[in-house]
Amino acid sequence: MGLLSGLDVGANQVQVQLAAAPATGGGPDGAPSTGGKSARTTIVNHPNGGPIFSGPQLRPWVCQDSAEDAQCNQPPEYTLLYKSTDPRKPGLQPYDETQPPADLATTTTDQGVTVPFIVRLERGYQARDEYKILMLWQPGQDWTPWAPQEQWNQKLLVTHGGNCGTDYRVGSAPLNDASGTIPENPGLEQSYIVALGRGFGVMSTALDNLGHNCALVTAAESLVMAKERLVEQYGELRYTLGTGCSGGSITQQHVANAYPGIYQGLITYCAYPDVVSTGMQFADLNLMREYFENPSRWSPDAVWSPHQFGFVEGHATHLNAMTSDELFFGRVSNPSSPCKGTTDAERYDRDRNPSGVRCSVMDYNINILGPRPPERWSEMEKIAGRGFAGLPMDNTGVQYGLIALREGRITTAQFVDLNVKIGGYDVDFRRTEARLTGDVGAIANAYRTGGVNVTNNLDQVAIINFTGPDPGAAHDSVHAWWTRWRLDREQGHHDNHVMWGGAAPLLGDPNYMQQGLIAMDRWMTAVEADQSDTPLAEKIIRARPEDVHDQCSNGAGVVLLDSTCPDEVGTVYETPRGVAGDVITAETLKCELRPFDRSDDYGPIPFTEAQWARLEGVFAEGVCDYTRPPVGFQRTLPWLTYQDAGGNIVYGGNPMPDAPLHSGIGLYSAAFVYE
């Protein structure tokens, strides 16, 4: 094993020469004989500031004050930390080698090595943003990648951040389980500290924090780069686990499906499978807020009571719609929102600056979605001279409230009024009277690139998901089930997906964070022990420990059932599209249409001729046919690059060349080579 340094950016010719074994007795002067075998290959080296495969980078971008160049590069910094024996000092404290603290804890790793609980934090910058690597550390002892210190078990835990944001500046790599979603509990030790104590390395990148970088491809790229850095500095990895809530669950599942091999095991909670299909739900809720919260828009015969809002939205109360909209959708869908790293003068404004930086999550992901074609350009796009990012969602033909109507929860007058008036959006996500017609190219790219996680590659990882009662605060418990139901559709089973439920909101049981890490570690160790030629997906299933299965807890550490929780513990609510008749996997960004028929759609439900005429107007093109695949639906192509050999943009991505066999060794053990 060796480490190459000094490579030029671009193609490098590397030749390896093996010294020949000495002839018997050596040469005339005792020297070894010559003629050893050689091999030659080309290694393409990419700049530390990126990109590698994510395509042209976002501009503008604001670096940290200490950056040495426009790509935010600077030498890494190292800090020593320690764990205290004092329970009043949670987390990790600064460590001074010259004055070792009296309250220094010790730890015994899962390999039986006992050492002082001292941690070295490496903090550096790659891909124009921060990364962190933490390792148990014995000061004064050597560490090379081929001879690491004995306390490291060569396993890695990656931590993530919550929310969804579109920053244009350097951020901070997150470490805590809470990730801005769950209030920190001083009595509950963070899982990354538990992992360090067991001998894991811990890694995080600012770009894997969805609240800072709501973009799949740059998150994946930063993880690839940081893992390479870790292997080069610390040694080969056996396997990598991810952990995270909310946006942290999205990043894990997004990346695992679109870039398989980066993770081997996922620990998710407050889970969503992806941004795009969840964003479509939040868009519907935003439109419903516009209608429900403005009674002046209602027809006199269509007066709503507050509890009826929930019947159409699929939830217990309207509070879920309000929370989803206020916390997430309204901010990230607005291209004029004040995203970090941009000034008022730089940002998009319809009247003042139509060519400015657009802060919406769609425009943030334009490399994935692609720009709108000229024939669809708005006046603002014509002024700017370019297409904005395509809109990967549509509500043409959606019969909002259909199931509630059939069940008698709403009246025909309410159903008609809602569907006639709910409207849609323009490219700036301003409400329009007409329904939203999505961009077909962007919709197809959303599926192709993994923007919608259809889970076709998600059988290559093990997943333990924690879920609690639906809090009615945007984190619908049904989102975790979307992943399971999609796996059932794609793989014919969900045997690699374990659901731990419980009575505690969002995560089922606070004890799960530590228990899940240990259970996943056991699962991965069992996979690693299987050195057969069995495909990885099958290894994962048969290696799952017998005691790692669906379960339901009382929320305080007591397992009540060896199965998922019943509705009494955690009700699984619907979504607006579900109430409109969509399939349970909830991936329909744009439905195929069929002519609607009064008897087929509504049976004996009576409509007046005036009501029917209004419906015919709004559904002139037809209504959704959920028995057919969605428009543009396709399975995710893994390992796409969004740039050609010259660094030019490739919207929607092109597959990278096939990787050489066992090319991932070093990033994971041989047992984890994926198909």
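Report on the accompanying structure. (Residues numbered from 1 in each chain as written. Predicted model: local features only at pLDDT ≥ 70, side-chain atom pairs only at ≥ 80, totals over all residues. Heavy atoms only, no water.)

1. Some thoughts on helix α2 (residues 216-234)
Here comes step 1: With 19 residues, α2 should reach 27 Å at 1.5 Å per residue; the first-to-last C-alpha distance of 27 Å fits that figure.
Here comes step 2: α2 sits mainly inside the fold: 14 of its 19 residues count as buried.
Here comes step 3: G235 occupies a position one or two residues after α2 and carries a positive phi of about 130°. (Helix = DSSP H or I, 4+ residues; strand = E, 2+ residues; numbered from the N terminus. Expected span 1.5 Å × (residues − 1). Buried < 20%, exposed > 50% of the residue type's maximum accessible area, 1.4 Å probe, protein only.)

2. Remarks on the state of the cysteines
Here comes step 1: As enumerated under the stated definition, the model contains six disulfides in all.
Here comes step 2: Between the sulfur of C63 and that of C72 lies a disulfide, 2.0 Å long from S to S. Judged by the sign of its S-S torsion, about -80°, the cystine formed by C63 and C72 is left-handed.
Here comes step 3: The exposure class assigned to C72 is buried, which follows from its relative accessible area of 0%.
Here comes step 4: The disulfide partner of C245 is C270, and the gap between their sulfur atoms is 1.9 Å. (Disulfide = S-S within 2.5 Å.)

3. Here we look at a nonpolar patch on the surface
Here comes step 1: A cluster of nonpolar residues, M1, L3 and W146, forms a patch on the protein surface that exposes about 380 Å² of accessible area.
Here comes step 2: For W146, the position within the fold is in the loop between β8 (129-136) and β9 (155-159). (Patch = residues over 30% accessible without salt bridge, like charges linked within 9 Å, V, L, I, M, F, W, Y side chains within 5 Å. Areas by Shrake-Rupley, 256 points an atom, 1.4 Å probe, with all protein chains shown as cover. Salt bridge = Lys/Arg side-chain N within 4 Å of Asp/Glu carboxyl O.)

4. Focus: the packing of helix α4 (residues 276-292) against helix α6 (residues 319-333)
Here comes step 1: Contact geometry of α4 with α6 gives a least axis separation of 9 Å together with a crossing angle of 115°. Seen along the crossing, α4 lies across α6 with a hand that is left-handed. In this structure, α4 contributes G279, F282, A283, L285, N286 and R289 to the contact, and α6 contributes N320, A321, M322, S324, D325, E326, F328 and F329.
Here comes step 2: Grouping the constituent residues of the contact of α4 with α6 by class yields seven nonpolar, four polar and three charged. (Axes fitted to C-alpha atoms, helices over the stretch in contact; angles between N-to-C directions. Left-handed = near helix turned anticlockwise from the far one by under 90°. Contact = heavy atoms within 4.5 Å. Nonpolar A, V, L, I, M, F, W, Y, C, P; charged D, E, K, R; others polar.)

5. Remarks on the environment of A442
Here comes step 1: Mapped onto the fold, A442 is located in helix α12 (residues 440-449).
Here comes step 2: Taking the C-alpha atoms as reference points, A442 and V569, 127 residues apart in sequence, are found 39 Å from one another.
Here comes step 3: Apart from residues no more than four positions distant in its own chain, A442 is found in contact with L369, G390, L391 and P392.

6. Observations concerning the pattern of salt bridges
Here comes step 1: Overall, the coordinates contain 40 salt bridges when judged by the stated rule.
Here comes step 2: Residue E433 pairs with R431 through a salt bridge whose shortest N-O separation is 2.7 Å.
Here comes step 3: Its relative accessible area of 57% is what places E433 among the exposed residues.
Here comes step 4: Between E609 and R598 there is a salt bridge whose closest N-O contact spans 3.4 Å. Within this pair, whereas E609 is found in helix α18 (residues 609-618), its partner R598 is found in helix α17 (residues 598-602), the two being separated by 11 residues in sequence.
Here comes step 5: By relative accessible area, R598 is classed as partly exposed at 28%.

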